[in-house]
Amino acid sequence: MTSGCMPAGPPAPMGQDVSHSYRGLLIECIARQLEHDIRSGEIKVGTKLPSEREPAAQFGASRNVVREALRRLEARHLIGPR
């Protein structure tokens with residue numbers, strides 16, 4: 001699994017909270033990367049996904065962010081219930 005999720009764009013103007021929008025971008029980026037790995041065959045059908053800790057460390061994200069990315073993949077029927 002490769003990590004291509006990096007902070008996007010310049011920082012927000014003073015007084016604006018970017019944590020929520022950045023979190024959303026990071027969730028979607030992780031979900032897209034995992035989807036790519038699944039569709040390309042890097043993650044094989046039937047393979048148990050790594051624990052939340054592994055992608056969290058790889059992407060520099062919290063486990064909650066990874067958990068939400070996995071929920072999105074589950075909603076897209078790319079992974080089964082965990």
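Everything discussed here concerns the structure shown above.
Reading the values: the criteria
Residues numbered from 1 in each chain as written. Predicted model: local features only at pLDDT ≥ 70, side-chain atom pairs only at ≥ 80, totals over all residues. Heavy atoms only, no water. Helix = DSSP H or I, 4+ residues; strand = E, 2+ residues; numbered from the N terminus. Buried < 20%, exposed > 50% of the residue type's maximum accessible area, 1.4 Å probe, protein only. Core = buried A, V, L, I, M, F, W, Y, C linked by side-chain atoms within 4.5 Å. Contact = heavy atoms within 4.5 Å. Salt bridge = Lys/Arg side-chain N within 4 Å of Asp/Glu carboxyl O. Expected span 1.5 Å × (residues − 1).

Things to note about unusual backbone geometry
No. 1: Not every positive phi belongs to a glycine, and histidine 77 is a case in point at roughly 60 degrees.
No. 2: By secondary structure assignment, the location of histidine 77 is in the segment after helix H3 (63-75).
No. 3: The exposure class of histidine 77 is exposed, given its relative accessible area of 72%.

As for the nonpolar core
No. 1: Counting residues in hydrophobic clusters, the biggest one holds 17 residues, and the most contacted among them are Ile30, Leu34, Ile38, Ala61, Val65, Leu70 and Leu73.
No. 2: For this core, the element with the most residues is helix H1 (residues 19-39), which contributes six residues.
No. 3: When sequence neighbours within four positions are dropped, the list of residues in contact with valine 65 reads Arg23, Leu26, Ile27 and Ile30.

Things to note about the pattern of salt bridges
Pairing between side chains of opposite charge can happen when their charged atoms approach one another.
No. 1: If you walk through the whole model with that rule in mind, you get eight salt bridges.
No. 2: In this structure, glutamate 28 engages arginine 72 in a salt bridge whose closest nitrogen and oxygen atoms are separated by 2.8 Å. In this pair, glutamate 28 sits in helix H1 while arginine 72 sits in helix H3, placing the two residues 44 residues apart along the sequence.

Remarks on H1
No. 1: Along its 21 residues, H1 runs 30 Å from first to last C-alpha, staying within 8% of the 30 Å computed at 1.5 Å per residue.
No. 2: Of the positions making up H1, those classed as buried are Leu26, Ile27, Cys29, Ile30, Ala31, Gln33, Leu34, Glu35, Asp37 and Ile38.
No. 3: Structurally, H1 contributes buried residues whose contacts are with helix H2 (53-59) and H3.
No. 4: Just past H1, the residue glycine 41 takes up positive phi, approximately 90 degrees.

Some thoughts on H3
No. 1: In a regular helix each residue adds 1.5 Å, so 13 residues correspond to 18 Å; H3 covers 18 Å between its end C-alpha atoms and thus fits that length.
No. 2: Contacts from the buried residues of H3 go to H1 and H2.
No. 3: Just beyond H3, the residue with positive phi is histidine 77, at close to 60 degrees.

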